[in-house]
Amino acid sequence: MSIPYNNLYKILSLSACFAWAMPSLGQEGNHSIIEQEQEIEYLQWEHSQNAAGLQLDKPKQHSSLAAGYKKTDGNFRRPQAGESMGNLHLYTRGNVYLKKGYLQGYFDYSRNNIRNAEYNSSLIDPFREMPYVTADTNASDWLNQHYKIGFKASSAPIAEKLHLGLGANFIASSGAKQRDIRAVNRYYQLDLQPSLSYSLNDQHHLGANFMYKNFKEEANNSNSVTHISQGYFALLGLGNSISGLGAGRTMNYQGDAFGGGVQYQYQSAINVFLNANYTVQAEDANITFSNPRPGGSILMKKWDASLHLQKDGEAFLHGFKAYLLHSNMNGIEYINEFISGTESEGFYTRFQSVRSKYKRQAVSGRYELLRKSGDAYNWKAAASLRYNKLDDRYLIPASQMFAENMGYGLEGHKLFSLSANLKSQLSIGVRVLLNNNLDAAYEYSGADAETLPVMDLEQRNFQFYKADYQQFEVPIYYAQQLRSNSNVQVFVKGNLQWIKTNSFTFNDRKHFNLSIGATF
């Protein structure tokens, strides 16, 4: 598949590289990765899709570059996730003021090595809310690559009140399944977010943005051992499936999303930021290219909202964040008829209907108390609470998967200043999250209840959704100035994570990542 939007990709690349390189010409100071991430965490417009309002938070000018490795291992996983995963990654970001305008950009590359993933020969990301998937029963490795690049730009103020903004992201991914049924996949995604912000006065600011996203994934299945046919299932949701034998299917996924958001910010002794978004997304899954046949479609409507509160005193900073998500998705199936003929040959849809519904709800809140020390912190502590619920239904014949969970989190971080000469800093933290399942059920009433999608795939998904677990994390940062007269700081950062379950099906999941890099 040739990836379109080549010219736009070049523009995004140049913008991101430009934003990354410019701060070295006019940077404001010597900020470590700890200070940079701390500042970004409390930039309120940064956490919205509105680029026009970025200057209202007066972000400092700096850049970073990091490369590293991640490793995940353990059996607490959904079947499609892979028993273990290794990930090489490179990430860079930067921002710059252009007279009274503002530009920031990023570039992200990662290479995934996934081992023993099951029930997927269609999608690079099997969890991106597309139920119409070809699933084989051979556990296999996947090799995937992901490129992400994007920018946000804000104009100079117009009449001292109005800013215009534009954000854009481009994602290109490729994936290859290593065992029959083999898959060669290519995915691209482009989203654009024009925006504006208007200042009523020095304290009250309003914002609005529009969002358009286009994405596409092609999956080509084949067998390298052509004289042995492989079994597979065309999944329809919650265990309903159609079995097949051969080399799988060629799938063509195409989708679009539209949406918009509104923002309000109040800047005073307490900074308040409200952000609400609404998105409608549709995606078609077509079988083959020569005589495309509709294999299913989804229509998702989602809204989310967030509240940020900050009180910044001389010694302490208080921060509170709340997040709300509600989404409904319909799964649409088709009855097709093949019509032969020289002019009209092809599949024609005779009937279509909504056969499945997928609902997600989530609420979370987090309070942080931070003892300030320069542009970083001496220590900080946080408590969090989260609730999430999934309610998936297949309508005729009726089936349901339901799970409701509550999570409780505590964390603390301490920063040690090891040397004033080279401004060396060490930060060590501890995070603990407890997940408690409140309610769960899986009832299948369709045909062929003894098939693997019902007895194995969805049963293991269900056990994953309802598992109680404890999650422990230790994030560690070390940063120091490269030389006494240099504005470059080098850093090493890592994170150790262990998830222990209270489940008869699962044991645990371990994760670590390590990055080295520099800030400018």
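Residues numbered from 1 in each chain as written. Predicted model: local features only at pLDDT ≥ 70, side-chain atom pairs only at ≥ 80, totals over all residues. Heavy atoms only, no water.

Engineer: Please explain the overall build of the protein as it appears in this structure.
Structural biologist: Assigned secondary structure in the protein consists of four helices and 21 strands. Computed over its C-alpha atoms, the radius of gyration of the protein comes to 25 Å, within 12% of the 24 Å expected for a compact globule of 520 residues. Each of the three principal axes of the protein carries a C-alpha extent, and together these read 75 × 55 × 40 Å. Residue burial in the protein is summarised as follows: out of 520 residues, 48% are buried. The long-range share in the protein, meaning contacts at least 24 apart out of those at least 6 apart in sequence, stands at 69%. Surface exposure of the protein reaches about 24100 Å², of which carbon and sulfur atoms provide 57%. (Helix = DSSP H or I, 4+ residues; strand = E, 2+ residues; numbered from the N terminus. Rg over C-alpha atoms; globule rule 2.2 N^0.38 Å. Buried < 20%, exposed > 50% of the residue type's maximum accessible area, 1.4 Å probe, protein only. Contact = heavy atoms within 4.5 Å. Areas by Shrake-Rupley, 256 points an atom, 1.4 Å probe, with all protein chains shown as cover.)

Engineer: Would you explain the pattern of salt bridges in this entry?
Structural biologist: For side chains of opposite charge, pairing can occur when their charged atoms come near one another. Per the stated rule, a full pass over the model turns up 21 salt bridges. The partner of Glu218 in a salt bridge is Lys216, with the nearest N and O atoms 3.5 Å apart. Judged by its relative accessible area of 14%, Glu218 falls in the buried class. Given the relative accessible area of 14%, Lys216 is considered buried. Here Glu368 ties to Arg366 by a salt bridge, and the two come within 3.1 Å at their closest N and O atoms. For Glu368, a relative accessible area of 3% corresponds to the buried category. One salt-bridge network, in which partners are shared between bridges, spans Arg366, Glu368, Glu411, Arg431 and Glu473. (Salt bridge = Lys/Arg side-chain N within 4 Å of Asp/Glu carboxyl O.)

Engineer: Got a minute to help me understand the environment of Thr279 in this structure?
Structural biologist: Assignment of secondary structure puts Thr279 in strand 12 (residues 270–287). Taking relative accessible area as the criterion, Thr279 reaches 16% and is therefore assigned buried.

Engineer: When you look at the nonpolar core in this model, what are you seeing that I'm missing?
Structural biologist: One recurring pattern in soluble globular proteins is that nonpolar side chains are buried together. Residues Met130, Tyr132, Met251, Tyr253, Ala285, Met401 and Tyr442 are the most contacted members of the largest nonpolar core, which totals 24 residues. Residue assignment for this core shows that the elements contributing at least two residues are strand 11 (250–266), strand 12, strand 13 (293–312), strand 16 (376–394), strand 17 (399–419) and helix 4 (452–465). In terms of residue count, helix 4 provides more of this core than any other element does, three residues in total. In terms of nonpolar packing, the next biggest core, distinct from the first, is built from twelve residues, Ala66, Leu317, Ala479 and Phe491 among them. (Core = buried A, V, L, I, M, F, W, Y, C linked by side-chain atoms within 4.5 Å.)

Engineer: Just to check I follow, could you spell out the environment of Asn221 for this structure?
Structural biologist: Summarising the element assignment, Asn221 is placed in strand 8 (residues 204–222). You can call Asn221 buried: its relative accessible area is 10%. Distance in space between the C-alpha atoms of Asn221 and Gly175 is 12 Å, their sequence separation being 46 residues. If we skip the residues at most four places from it in the chain, Asn221 touches Ser121, Thr134, Ile181, Arg182, Ala183, Ala247, Gly248, Arg249 and Thr250.

Engineer: When you look at the UniProt feature "domain: DUF6850" (unreviewed entry) in the protein in this model, what are you seeing that I'm missing?
Structural biologist: Listed under "domain: DUF6850" (unreviewed entry) in the UniProt record, and renumbered for this structure, are residues 51–520. Segment residues 51–520 splits into 3% helix and 71% strand. End C-alpha atoms: 23 Å apart. (UniProt positions renumbered as here; feature names shortened; annotations may be inferred.)

Engineer: When you look at the environment of Thr134 in this model, what are you seeing that I'm missing?
Structural biologist: Within the secondary structure, Thr134 is located in strand 4 (residues 134–136). Take Thr134: its relative accessible area is 1%, and that puts it in the buried class. Measuring from C-alpha to C-alpha, the distance between Thr134 and Ile181 comes to 9.9 Å, with 47 residues separating the pair along the chain.

Engineer: Help me understand the packing of aromatic side chains in this model?
Structural biologist: Two numbers describe a pair of aromatic rings. These are the distance of the centres and the angle of the planes. As enumerated under the stated definition, the model contains 16 aromatic pairs in all. Taking 5.5 Å as the distance between ring centres and 55° as the angle between the ring planes, the aromatic pair formed by Phe76 and Tyr469 counts as tilted. Separated by 393 residues along the polypeptide, Phe76 in the loop between strand 1 (63–74) and strand 2 (84–98) and Tyr469 in strand 19 (residues 469–481) bring together distant segments of the chain. Note on Phe76: relative accessible area 6%, which makes it buried. Geometrically, the ring pair formed by Phe472 and Trp498 is stacked, given 5.9 Å between the ring centres and 25° between the ring planes. (Phe/Tyr/Trp six-rings, centres within 6.5 Å; stacked < 30°, edge-to-face > 60°.)

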